[in-house]
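Chain by chain, the residues:
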Amino acid sequence: MKYSIAGICVDGGRIFVAKRSQTGDMGNRWEFPGGKVDAGESFEEALKREFFEEFGIEIDVGEFVSSASFTHRGEQYEVDAFSVSLISKRFSINDEHCQFDWKTPEEILSLDFVDSDRAMFDGVFYWFKNKKILNPGPSKDYVPE
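> What is the right way to read the sheet that holds strand 5 (residues 34–36) from this model?
Pairing in this open sheet of 4 strands is mixed, and the strands run 5-1-7-6 from one edge to the other. Among the strands making up the open sheet, the edge pair consists of strand 5 and strand 6 (59–72). Ignoring which end each strand starts from, the neighbouring axes of this sheet average 20° apart. Pairing between strand 1 (residues 2–8) and strand 5: 3 bridges, direction antiparallel. Residue pairing for strand 5: Ala6 is matched across the bridge by Gly34. Packed onto the sheet, helix 1 (residues 43–55) meets strand 1, strand 5, strand 6 and strand 7 (75–86) and runs at close to 65° relative to strand 1. Running at roughly 160° to strand 6, helix 4 (residues 121–130) makes contact with strand 1, strand 6 and strand 7 of the sheet.

> I would appreciate a short explanation of the packing of aromatic side chains in the present structure.
Any pair of aromatic rings gets described here by the distance separating the centres and the angle formed by the planes. The full count for this structure, using the stated rule, is 16 aromatic pairs. On the numbers, 5.2 Å between centres and 50° between planes, the contact of Phe16 with Trp102 is tilted. Linking Phe16 in strand 3 (residues 14–20) with Trp102 in strand 8 (residues 97–103), this pair joins segments that are 86 residues apart in sequence. Where Phe113 meets Phe121, the ring centres are 5.1 Å apart and the plane angle is 70°; that geometry is what we call edge-to-face. An identical accessibility class is assigned to Phe113 and Phe121; each is buried. Each member of the aromatic cluster is reached from another via a ring pair, and the members are Tyr3, Phe43, Phe64, Phe82 and Tyr142. The cationic tip of Lys131 hangs over the ring face of Trp127; the distance from NZ or CZ to the ring centre is 4.7 Å.

What counts, and at which threshold
- All residue numbers refer to position in the chain's written sequence, counted from 1.
- Totals for whole chains, interfaces and linings use all residues, but because this is a predicted model, local features are given only for residues with pLDDT of at least 70 and pairs of side-chain atoms are given and counted only at 80 or more.
- Water and hydrogen atoms were dropped before computing side-chain values, which therefore reflect all heavy atoms in the structure.
- Strands were regarded as paired on the criterion that DSSP finds at least two bridges between them.
- Segments assigned H or I by DSSP are reported as helices when at least four residues long, segments assigned E as strands when at least two residues long, and all are numbered from the N terminus.
- For every element, the axis is a line fit to its C-alpha atoms; helices are fit only across the contacting stretch, and the angle between N-to-C directions ranges from 0 to 180 degrees.
- Here a residue-residue contact requires only that any non-hydrogen atoms of the pair lie within 4.5 Å.
- Pairing of aromatic side chains requires ring centres within 6.5 Å, counting the rings of Phe and Tyr and the six-membered ring of Trp. Pairs whose planes differ by under 30 degrees are stacked, by over 60 edge-to-face, and all others tilted.
- Note on classification: 1.4 Å probe, protein chains only; a residue is buried when its accessible area is under 20% of the maximum for its type, exposed when over 50%, partly exposed between these limits.
- Criterion for a charge above a ring: Lys NZ or Arg CZ within 6 Å of the ring centre, and within 35 degrees of the ring normal.

Quick look at the structure:
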């Protein structure tokens, strides 16, 4: 199994989301920022790397929020989402995304979201509303084998 991570950042009742550039399998679709976990990398390290690579910002990684399983190009993945706090609010954007925004859960429901993140909507929105986790998941320090 391969692993991906996603960062759930909340500010003023809205969640940070990003729209992927037109290229690739998930082109022009929205997502919770994150990406694949590299070999030997913890979930926290992967989230920090991805946010810095994609937006030029540093983050603090908090608690587990939600997870989902999905298949991509015939391979089984698990995506785990963690709360994140932005250390800086000065964003840049690389070629991977063409837009980012802050959206309410209701607004997110109307976006064309990637399937893997859409599978986490119930858990993410429950956490957002209650700041509680339905099913405790792995630690941010977890390093997949």
